[in-house]
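# Descriptive analysis of the structure
Here are the chains, one letter per residue:
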Amino acid sequence: MSKTIEEINEKIKKGEVLVLNAEEIIDYVAEKGVKKTAKEVDVVTTATFSPMCSSGAFLNFGHADPPIKMTKVWLNDVPAYTGLAAVDAFIGAAEPSETEGLNYGGAHVIEDLISGKPVKLRAIAYGTDCYPRREIETYITKDTINQAYMFNPRNSSQNYNVATNSSSKTIYTYMGKLLPNFGNATYATAGQLSPLINDPYYRTIGIGTRIFLAGSDGYVSWYGTQHNPGKERLSNNIPLSSGGTLAVIGNLKDMSSKYLRACTFRGYGVSIFIGIGIPIPVLDEEMVEFLKIKNSEIYTEIIDYSVQRRNKPSYGKVNYEQLRSGKIKINGKTVQTGSISSYFIALEISNLLKNKIKTGNFYLTNFIAPIPLDEKYSDLSILSKEEL
């Protein structure tokens, strides 16, 4: 017996829906079995809270008097991209400040806006007959500008590798500080809570899927950059490395700084923690088979980040139960592990989304187009025009 999203939404409307988070479904299936779970459970909520550099926001400032066609814009001294219309700009989360360097950047501007803080806007222009003004300096808040929405080209990676360091010196990476001689190992996903881990072939997550995005409702707008679903998959359907990714969109003005936090990684630069929650409808028994996956069954690869090449050496596979225990073995050595994402906040988001669905404040959507399963990731080659 299968269900439809329309039938599940009707249950939400009537207050009869049964929702579990991705942690709770594991014990539920163990107790009741796959068939009974498929019949009784309607929705499973998944979530992640992790650094996602490929994020940013489109902003429309409104026109000044006289008007200006902004050609260069700075927000709290962080450059924003203006190759759009006169007073539109895009600020990337990873863009650093021109005055504070790697200590402050686009992510901090976005968090400041969400928090209601004033942000200094400075812009220059070349001047035209219809846009004569050549410079402007003022302050903005999320309430004084027009549209402000996040558009994140790559969020919620399906899986991600473990980082370690075989060299004799400490290195600083987007996976955090890595101590010499395999002094530690870091990882970056919520494992059994992660959205694309629980829907590995994108049966229910697609373009148009409504999601929880940083405290507000958002949507999957496309598949993400570096989407690589064809990457090697293990027997439990999970890609060994990053696999799929999502591009997402949502109203920045409604977001919460509790679920969107700017950060800096020493020696690397600015990044941003994004909280994403995705409900997965329990359509049939196959979905239950996917959803009952647990940390001990989800493997990822241990990669040596001290090798400054695209293809880095691997030290084998490890599962998320081992990673979360705090210690793993690399080349026979016991190595301390640490997560740069927050399982605690991911679980909080999945429970928040669960309660929104149970109380009729969040309905599921059918996607309007599927996420491709045959997209291939390509590395950049250094070629002359004649070699193409």
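Our structure's up above, just so we're on the same page.
An account of the accompanying structure is given in this report. (Residues numbered from 1 in each chain as written. Predicted model: local features only at pLDDT ≥ 70, side-chain atom pairs only at ≥ 80, totals over all residues. Heavy atoms only, no water.)

## As for the overall build of the chain
Selection rule: A run of DSSP states H or I qualifies as a helix once it reaches four residues; a run of E qualifies as a strand once it reaches two. Both are numbered from the N-terminal end. Values of the radius of gyration come from C-alpha atoms, whereas the globule rule sets the reference at 2.2 Å times the count of residues to the power 0.38. For the exposure calls, accessible area comes from a 1.4 Å probe over protein chains only, and a residue counts as buried if that area is under 20% of its type's maximum, exposed if over 50%, partly exposed in between. Contact criterion: two residues are considered in contact whenever any of their non-hydrogen atoms come within 4.5 Å of each other. Accessible surface is estimated by sampling points in the Shrake-Rupley manner with a 1.4 Å probe; for residues, cover comes only from the protein chains shown. Positive residues here are Lys and Arg, negative ones are Asp and Glu, while His and the chain termini are left out of the count. The atom standing in for a charge is NZ when the residue is Lys, CZ when it is Arg, CG when it is Asp and CD when it is Glu.
Scanning the chain for helices and strands turns up 8 helices and 24 strands. In summary, the chain has a C-alpha radius of gyration of 22 Å against a globular reference of 21 Å for 388 residues, a match within 12%. By its C-alpha atoms, the chain is 70 × 60 × 45 Å across when sized along the principal axes. Buried positions account for 51% of the 388 residues belonging to the chain. Within the chain, residue pairs in contact and separated by at least 24 positions form 72% of the contacts whose partners lie at least 6 positions apart. Carbon and sulfur atoms make up 48% of the accessible area of the chain, which totals about 17,700 Å². In the chain, the 42 positive side-chain charges and the 40 negative ones have mean positions that sit 4 Å from each other.

## Re the sheet that holds strand β23 (residues 327-330)
So the rule is basically this: DSSP-based pairing: two strands are paired if at least 2 bridges between them are found. Axis lines are fitted through C-alpha atoms, for helices just across the contact stretch, and the angle between N-to-C directions can take any value from 0 to 180 degrees.
Across the sheet, which stays open at both edges, the 6 strands sit in the order β22-β21-β12-β15-β24-β23 with mixed pairing between neighbours. Edge positions in the sheet fall to β22 (314-319) and β23, since each of these pairs with one other strand and no more. Going from strand to strand, the sheet's axes swing by 35 degrees on average, the running direction of each strand aside. In this sheet, strand β21 (residues 299-304) lies alongside strand β12 (residues 162-164) in parallel orientation, the contact comprising 3 bridges. Each bridged residue has a counterpart across the sheet, and for A163 the counterpart in β21 is I303.

## Details of the sheet that holds strand β9 (residues 119-124)
Two orientations exist for strands paired in a sheet by backbone hydrogen bonds: parallel and antiparallel. On the basis of which strands lie adjacent, the open sheet formed by 4 strands has the order β5-β4-β9-β10 and antiparallel pairing. At either margin of the open sheet sits one strand with a lone partner, and together these are β5 (78-80) and β10 (135-140). Taken pair by pair, the neighbouring strands of this sheet meet at an average axis angle of 25 degrees, ignoring direction. As paired strands, strand β4 (residues 72-75) and β5 are joined by 3 bridges and run antiparallel to one another.

## A word on the packing of aromatic side chains
Heads up, the rule is: We call Phe, Tyr and Trp rings a pair once their centres come within 6.5 Å, taking the six-membered ring for Trp, and we label the pair stacked below 30 degrees between planes, edge-to-face above 60, and tilted otherwise. Here, a charge over a ring means that NZ of Lys or CZ of Arg falls within 6 Å of the ring centre while also lying within 35 degrees of the ring normal.
Applying the stated criterion across every chain, the model contains 13 aromatic pairs. Centroid distance W222 to Y223: 5.6 Å. Interplanar angle 25 degrees. Geometry classified as stacked. Exposure remark for W222: the relative accessible area of 46% places this residue in the partly exposed category. The class of Y223 is partly exposed, set by a relative accessible area of 21%. Grouping aromatic residues by their ring pairs yields a cluster made of Y160, Y174, F265, Y268 and Y305. Between K312 and the ring centre of Y305, over which it is positioned, the NZ or CZ distance is 5.7 Å. In this structure, R324 is placed above the aromatic ring of Y343, and the distance from its NZ or CZ to the ring centre is 4.0 Å.

## Considerations on the nonpolar core
Generally speaking, soluble globular proteins have nonpolar side chains that are buried together. Operational definition: What is meant by a nonpolar core is a set of buried Ala, Val, Leu, Ile, Met, Phe, Trp, Tyr and Cys residues, joined one to another through side-chain atoms within 4.5 Å.
The biggest cluster of nonpolar side chains holds 97 residues, and the ones touching the most others in it are L59, F61, M70, L75, I91, L260 and I357. Broken down by element, this core gets its largest block of residues, 7 residues, from strand β20 (residues 269-281). For I357, the residues in contact, after removing those within four places along its chain, are I12, V17, V19, V43, T45, P279, F362 and L364. In this structure, I238, I302, Y320 and I330 belong to the second largest nonpolar core, which totals 15 residues.

## So, the pairing of β9
What you see with β9 is a clean split: V119, L121 and A123 sit on the buried side and K120, R122 and I124 on the side with no burial. Inspection of the sheet shows β9 paired to β10 by 6 bridges, in the antiparallel sense. Across the sheet, the residue bridging to V119 is I140, located in β10.

## With respect to helix α4 (residues 106-114)
Burial analysis of α4 places 9 of its 9 residues in the buried class, the great majority of the element. Within α4 the residues assigned to the buried category are G106, A107, H108, V109, I110, E111, D112, L113 and I114.

## Observations concerning the pairing of strand β2 (residues 43-51)
In summary, the side chains of a regular strand alternate between the two faces of the sheet. Summarising burial for β2: 9 of the 9 residues are buried, a large majority. As judged from the 3 bridges shared by strand β1 (residues 19-21) and β2, these two strands associate in the parallel manner. Looking at the pairing, N21 lines up with T45 of β2. Bridging between β2 and β20 involves 9 bridges; their strand directions are antiparallel. Across the sheet, the residue bridging to T45 is P279, located in β20.

## Quick notes on the side chain of H227
This is how the line gets drawn: Each polar contact in these results corresponds to two N or O atoms within 3.5 Å; when the atoms are within protein, one needs to be able to donate a hydrogen and the other to accept it, and residues that are neighboring in sequence are counted only if both atoms are side-chain atoms.
The topology assignment puts H227 in the loop between β17 (216-223) and β18 (246-251). A distance of 3.2 Å separates a polar side-chain atom of H227 from the backbone nitrogen of T245. Apart from residues lying up to four places away in sequence, H227 is in contact with Y202, G243, G244, T245, I371, P372, E375 and Y377.

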